[in-house]
Amino acid sequence: MSIIKNCWVMNFPVIVLTVLFLPFHNTVAKNEPEKKITVSSGNTSVIRPGQNVIAVYIDSITNSSPEDIALINVTSSLAQKVEIHSMRIVENRMKMTLEEKIIIPALSKTSLRKGNPNGYHLMLLNISTEIKERTMLPLTLSFSNGQNILCTVTVKKHSDNK
C-alpha cells in the first residue's frame, strides 16, 4: 500500500498541472482567429509609358465559412486607390461597373481571374512607376468578417497575361 501512496504523492503535481493547463490550452485555441478566407495567386501587366491605371486579376478567393463573406476593400502601397470592378456586355458594348463589394458565397470560391464569368477584377488608379516586370505587387484585401489578407501578385509582360 505504501508503494501506491508514494506513486500518488509523487505524481500529484503532474496531475494538478495537467488539470490546470488542459482547459487553458483549449481556451487559447478557441480564441485564435479562424482563417475563413484564402486568396490564391494573381497577376497584372507591366505599365506602359503614360499609363496610370492597371487591372489586377486574382485566380480565386475561397470562403471556408458557412456564411457569405464579402470583399469590401482593397489597398496597395503602389497605388493611390484600388477599386473593385465587374465587366458586362450591355447593348453590345463592354461596360465596366464599380462594385461596392464582391460576395464570396459560403463554402465556395469566387474567381477574379481574367475572363471570369462576372468580369470581376481590381483596378489600381494612379499607380507607381515602380510596377515593372517580375515585381511583386502588394495588395491588402479586407473582408466583411474583419479578416485582412496581405497578398502579392506577379507583374508580367502583356503577352504572358492570358
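Since this is a predicted model, take the numbers as computed values, not measurements.

Colleague: Provide a residue-level description of the overall build of the chain, including the pertinent values.
Modeller: Along the backbone of the chain there are 1 helix and 11 strands. Starting at the N terminus, the α and β elements of the chain follow one another as α-β-β-β-β-β-β-β-β-β-β-β. Contacts in the chain between residues at least 24 apart in sequence constitute 68% of all its contacts with a sequence separation of at least 6.

Colleague: I'd like to hear about the pattern of salt bridges, residue by residue, with values.
Modeller: Counted under the stated rule, the structure contains 4 salt bridges. Measuring nitrogen to oxygen at the nearest pair gives 3.5 Å for the salt bridge that ties Glu-83 to Lys-81.

Colleague: Run through the nonpolar core, naming residues and quoting values.
Modeller: Formed by 30 residues in total, the largest nonpolar core has its most connected members in Ile-61, Leu-122, Leu-124, Leu-139 and Leu-141. At the level of elements, strand E3 (53-63), strand E4 (69-75), strand E5 (79-90), strand E7 (102-104), strand E9 (121-127), strand E10 (136-143) and strand E11 (148-156) are the ones that each hand at least two residues to this core. Ignoring any residue separated from it by four or fewer positions in sequence, one finds Ile-61 in contact with Ile-37, Thr-38, Val-39, Leu-71, Ile-104, Ser-108, Lys-109, Thr-110, Leu-112, Leu-141 and Phe-143.

Colleague: Describe in detail the side chain of Ser-76, supporting the description with residues and values.
Modeller: Within the secondary structure, Ser-76 sits in the loop between E4 and E5. You can call Ser-76 buried: its relative accessible area is 10%. Non-local contacts of Ser-76, meaning those with residues more than four positions away in its chain, are made with Val-82, Leu-124, Leu-137, Pro-138 and Leu-139.

Colleague: Would you mind going over unusual backbone geometry in detail, with residue names and values included?
Modeller: The phi torsion at Glu-91 lies on the positive side, around 50°, for a residue other than glycine. The residue Glu-91 is located in the loop between E5 and strand E6 (93-99) in this model. Overall, Glu-91 belongs to the exposed group, its relative accessible area being 74%. One non-glycine residue with positive phi stands out, namely Leu-107, at about 55°. If you trace the backbone, Leu-107 turns up in the loop between E7 and strand E8 (108-112).

Colleague: Can you lay out the side chain of Asn-63 for me, pointing to particular residues and giving the numbers?
Modeller: Its location among the elements puts Asn-63 in strand E3. Of the polar contacts made by the side chain of Asn-63, one reaches the backbone nitrogen of Ser-65; its length is 2.7 Å. Here Glu-67 takes part through its backbone oxygen, which lies 2.8 Å from a polar atom of the side chain of Asn-63. For Asn-63, the contacting residues outside a window of four places in its chain are Lys-36, Ile-37, Asp-68, Ile-69, Ile-104, Pro-105, Ala-106, Leu-107 and Ser-108.

Colleague: I'd love a proper account of the pairing of E4, names of residues and values included.
Modeller: Alignment of E4 against E7, held across 3 bridges, turns out to be antiparallel. When the bridges of E7 are listed, Ile-69 appears paired with Ile-104. In terms of strand pairing, E4 meets E10 through 4 bridges, oriented antiparallel. Paired with Thr-75 across the two strands is Thr-140, which belongs to E10.

Definitions and limits used
Residues numbered from 1 in each chain as written. Predicted model: local features only at pLDDT ≥ 70, side-chain atom pairs only at ≥ 80, totals over all residues. Heavy atoms only, no water. Helix = DSSP H or I, 4+ residues; strand = E, 2+ residues; numbered from the N terminus. Contact = heavy atoms within 4.5 Å. Salt bridge = Lys/Arg side-chain N within 4 Å of Asp/Glu carboxyl O. Core = buried A, V, L, I, M, F, W, Y, C linked by side-chain atoms within 4.5 Å. Buried < 20%, exposed > 50% of the residue type's maximum accessible area, 1.4 Å probe, protein only. Polar contact = N/O pair within 3.5 Å; in protein donor to acceptor, adjacent residues only side chain to side chain. Pairing = 2+ DSSP bridges.

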